[in-house]
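One letter stands for each residue in the lines below.
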Amino acid sequence: DAGVIQSPRHEVTEMGQEVTLRCKPISGHNSLFWYRQTMMRGLELLIYFNNNVPIDDSGMPEDRFSAKMPNASFSTLKIQPSEPRDSAVYFCASSSPRASYNSPLHFGNGTRLTVT
Amino acid sequence: SQQGEEDPQALSIQEGENATMNCSYKTSINNLQWYRQNSGRGLVHLILIRSNEREKHSGRLRVTLDTSKKSSSLLITASRAADTASYFCATDAGGTSYGKLTFGQGTILTVHP
């Protein structure tokens, strides 16, 4: 299995531009998570989906952020307009169907976003 | 807010020594997990311990959980230079938060050859 695939690996953009981050979860996994990592705040959960349905988006910082999961094999996180404080590493993770209550997360290698 | 808090923030040891990292959390949990992150990479799951378990082993890793003290520890025995990474604990509160992991700030481990 190729694991969780994120693109792009690096994104540099100017303030005010739209940014779209992409994620392909592991095939067969039905839960997908978007995390953001910064030195100051650590790892923050932004939103997660179960069976393509958003379950909890309480971590999305503001209306500039939106996430979609149109099908089981693809998700996007969009920031419009972007701001310098959005600079961070954004991780996507997926987990398998919960036959039991305990399934670890499988992370992608992240997208490093720099907004100038 | 961070559920897990790791201690120490940074740990520097020589190859062959043991490394112990601690994690404290605030609310009741369904399970606690430990992850490793190498520089520039995503997190990798190491081990999961359920709330009704007290100790678990996986190779050179040993995890303990004390739910009365709301704390866990990760012991890496006979450390190697390749163990150099950041280590995070993460808690799964279960219930309506089922599957939602909250991560601590991490411990940066450096193992000198």
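Remember, predicted model here, so these are calculated numbers, not experimental data.

What counts, and at which threshold
Residues numbered from 1 in each chain as written. Chains lettered and ligands numbered in written order. Predicted model: local features only at pLDDT ≥ 70, side-chain atom pairs only at ≥ 80, totals over all residues. Heavy atoms only, no water. Helix = DSSP H or I, 4+ residues; strand = E, 2+ residues; numbered from the N terminus. Rg over C-alpha atoms; globule rule 2.2 N^0.38 Å. Buried < 20%, exposed > 50% of the residue type's maximum accessible area, 1.4 Å probe, protein only. Contact = heavy atoms within 4.5 Å. Lys, Arg positive; Asp, Glu negative; His and termini not counted. Charge placed at Lys NZ, Arg CZ, Asp CG, Glu CD. Disulfide = S-S within 2.5 Å. pLDDT = per-residue confidence, 0-100. Pairing = 2+ DSSP bridges. Axes fitted to C-alpha atoms, helices over the stretch in contact; angles between N-to-C directions. Salt bridge = Lys/Arg side-chain N within 4 Å of Asp/Glu carboxyl O.

1. Some words on the overall build of chain A
Then, number 1: Within chain A, the regular secondary structure consists of zero helices and 11 strands.
Then, number 2: The order of helices and strands in chain A, counted from the N terminus, is β-β-β-β-β-β-β-β-β-β-β.
Then, number 3: Against the compact-globule benchmark of 13 Å for 116 residues, chain A has a radius of gyration of 14 Å, which places it among compact chains.
Then, number 4: By the burial criterion, 48% of the 116 residues in chain A qualify as buried.
Then, number 5: When contacts within chain A are restricted to residue pairs at least 6 apart in sequence, long-range pairs at least 24 apart make up 54% of them.
Then, number 6: For chain A, the separation between the mean place of its 11 positive charges and that of its 11 negative charges on side chains is 5 Å.

2. What to know about the state of the cysteines
Residue and element names in this part refer to chain B.
Then, number 1: Following the criterion strictly, the structure yields two disulfides over all chains and no others.
Then, number 2: Disulfide pairing places Cys23 opposite Cys89 at an S-S distance of 2.0 Å. Of note, the bridge from Cys23 to Cys89 carries an S-S torsion of about 65° and is right-handed in sense. Of this pair, Cys23 sits in strand β3 (residues 19-24) while Cys89 sits in strand β9 (residues 85-92), and the two are 66 residues apart along the sequence. Here Cys23 and Cys89 have matching classes, each one buried.

3. So, the confidence of the model for chain B
Then, number 1: Averaged over all residues, the pLDDT of chain B equals 91, while 92% of them reach at least 70.
Then, number 2: Within chain B, the lowest mean pLDDT, 83, falls on strand β1 (residues 5-7) of chain B, and the highest, 98, falls on strand β7 (residues 61-66) of chain B.

4. Observations regarding the sheet that holds β3(B)
Residue and element names in this part refer to chain B.
Then, number 1: Ordered by their spatial adjacency, five strands build an open sheet running β1-β3-β8-β7-β6, and the pairing between neighbours is antiparallel. Each edge of the open sheet carries a strand with a single partner, namely β1 and β6 (55-58). The sheet shows a mean angle of 20° between the axes of neighbouring strands, taken without regard to direction.
Then, number 2: By the bridge criterion, six bridges tie β7 to strand β8 (residues 71-76) in an arrangement that is antiparallel. Paired with Arg62 across the bridge in β8 is Leu75.

5. As for the pairing of β9(B)
Residues and elements named next belong to chain B.
Then, number 1: Judged by how many residues are buried, β9 sits mostly within the fold: eight of eight residues are covered.
Then, number 2: Taking every second residue as pointing to the same face, both faces of β9 are buried, with Ala85, Tyr87, Cys89 and Thr91 on one and Ser86, Phe88, Ala90 and Asp92 on the other.
Then, number 3: As defined by bridge partners, strand β4 (residues 31-37) adjoins β9 across seven bridges and the pair is classed as antiparallel. Within the sheet, the bridge partner assigned to Trp34 lies in β9 and is Cys89.

6. A closer look at the pattern of salt bridges
Then, number 1: With the rule as written, the count across this model stands at 11 salt bridges over all chains.
Then, number 2: The residue A:Arg64 makes a salt bridge to A:Glu83 at a minimum N-O spacing of 3.5 Å. Here A:Arg64 is found in the loop between β6 (53-56) and β7 (65-71), whereas its partner A:Glu83 is found in the loop between β8 (74-79) and β9 (88-95), with 19 residues between them in sequence.
Then, number 3: Since its relative accessible area comes to 10%, A:Arg64 is described here as buried.
Then, number 4: Here B:Asp83 ties to B:Arg60 by a salt bridge, and the two come within 2.9 Å at their closest N and O atoms.

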